[in-house]
Amino acid sequence: MSVQQLLLPRVLLLLLLGALCLLSTARAAEPKSIAVMDFELLNDMKDYDTPEVTADQERRRKMISDLMRSELQNRGLYRVLDNSKAAGLITKLKKTYNLRDCSGCEIDIGEALGADRVMIAWVQKVSNLILNLNAEVKDVSTGRIVYNKSVDLRGNTDTSWTRGIKYMVDSIAEKEQNLK
């Protein structure tokens, strides 16, 4: 047997192992999928809000929901799924519940979308000066809370709401919570 005949199986084995390692690394690098629900508003001051304030808050709620999705996607933290495939289910559930209080119905939404994770988020307005952004991420297969976040805001403005989202996403990235 020649040296080439002895080395050929070993070289092929090393190439195969290298290819498997690369494939494993590529799979590990692919971000988990997430269904991000729209932020809900828990407004302790709703009896005092004017129609203009209410309209601004609804616009901001939509703005930060979209911003959260784009920040998670653009930073490569998650593969953000389109919720439209479960729009009927989401609408039906929201007629009865706030998603943050629905005892696991968000898992049903995540399953309907084929998501690895699901995020429920809300803004708590204590006053026009004090607000909190909150997010809770659950593993769809286990229902286990993977992490939750809360960011305090000072001021009810586009700038404060936007900064709060960016700070929250910075924290997720810094702590690599998307990898849990």
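Conventions and cut-offs
- Residues numbered from 1 in each chain as written.
- Predicted model: local features only at pLDDT ≥ 70, side-chain atom pairs only at ≥ 80, totals over all residues.
- Heavy atoms only, no water.
- Helix = DSSP H or I, 4+ residues; strand = E, 2+ residues; numbered from the N terminus.
- Buried < 20%, exposed > 50% of the residue type's maximum accessible area, 1.4 Å probe, protein only.
- Contact = heavy atoms within 4.5 Å.
- Axes fitted to C-alpha atoms, helices over the stretch in contact; angles between N-to-C directions.
- Parallel < 35°, antiparallel > 145°, perpendicular 65-115°, else oblique.
- Nonpolar A, V, L, I, M, F, W, Y, C, P; charged D, E, K, R; others polar.
- Core = buried A, V, L, I, M, F, W, Y, C linked by side-chain atoms within 4.5 Å.
- Patch = residues over 30% accessible without salt bridge, like charges linked within 9 Å, V, L, I, M, F, W, Y side chains within 5 Å.
- Areas by Shrake-Rupley, 256 points an atom, 1.4 Å probe, with all protein chains shown as cover.
- Salt bridge = Lys/Arg side-chain N within 4 Å of Asp/Glu carboxyl O.
- Disulfide = S-S within 2.5 Å.

Comments concerning the overall build of the protein
Along the protein, the regular secondary structure elements total five helices and six strands. Listing the helices and strands of the protein from first to last along the sequence gives α-β-β-α-β-α-α-β-β-β-α. Relative to its full complement of 180 residues, the protein shows a buried share of 41%. A fraction of 62% describes how many contacts in the protein between residues 6 or more apart in sequence connect residues 24 or more apart.

Details of the packing of helix 3 (residues 87-96) against helix 4 (residues 105-113)
The contact between helix 3 and helix 4 brings their axes to 10 Å, and the two run at 170°. As judged from the angle between their axes, helix 3 and helix 4 are roughly antiparallel. Along the contact surface, helix 3 presents Leu89, Ile90 and Leu93, while helix 4 presents Cys105, Asp108, Ile109 and Ala112. Looking at the contact of helix 3 with helix 4, its residues break down into six nonpolar, no polar and one charged.

Description of the environment of Met63
Tracing the sequence through the fold places Met63 in helix 2 (residues 51-74). Residues Met63 and Phe39, spaced 24 residues apart in sequence, show a C-alpha to C-alpha distance of 9.4 Å. Excluding its chain neighbours within four sequence positions, the residues that come into contact with Met63 are Asp158, Trp161 and Thr162.

Some points on the nonpolar core
Ranked by internal contacts, the top residues of the largest apolar core, which has 26 residues, are Phe39, Met68, Leu72, Tyr78, Met119, Leu133 and Ile165. When residues of this core are traced back to their parent elements, those giving at least two are strand 1 (33-36), helix 2, strand 4 (117-125), strand 5 (130-139), strand 6 (145-154) and helix 5 (158-174). Residues in contact with Met68, not counting those within four places in the same chain, are Val36, Phe39, Met119, Ile165, Met168 and Val169. Ranked by size, the runner-up nonpolar core spans 17 residues in total, among them Ala35, Ile90, Ile120 and Trp122.

Focus: a nonpolar patch on the surface
A contiguous nonpolar patch, built from Val126, Leu129 and Ile130 and spanning about 230 Å² of accessible area, is present on the exposed surface. Topologically, Val126 is positioned in the loop between strand 4 and strand 5. Judged by its relative accessible area of 33%, Val126 falls in the partly exposed class.

Observations concerning the state of the cysteines
A covalent bond bridging the sulfur atoms of two cysteines is what the word disulfide describes. Evaluation of the coordinates by the stated rule reveals one disulfide. The disulfide that involves Cys102 links it to Cys105, with 1.9 Å between the sulfurs. Judged by the sign of its S-S torsion, about -95°, the cystine formed by Cys102 and Cys105 is left-handed. Grouping residues by exposure puts Cys102 and Cys105 together as buried.

Overview of unusual backbone geometry
Residue Ser103 is not a glycine yet carries a positive backbone phi of 55°. Among the secondary structure elements, Ser103 is positioned in the loop between helix 3 and helix 4. A positive phi angle, near 50°, is found at Glu176, a position not held by glycine. Note that Glu176 resides in the segment after helix 5. Under the relative-accessibility criterion, Glu176 is labelled partly exposed at 49%.

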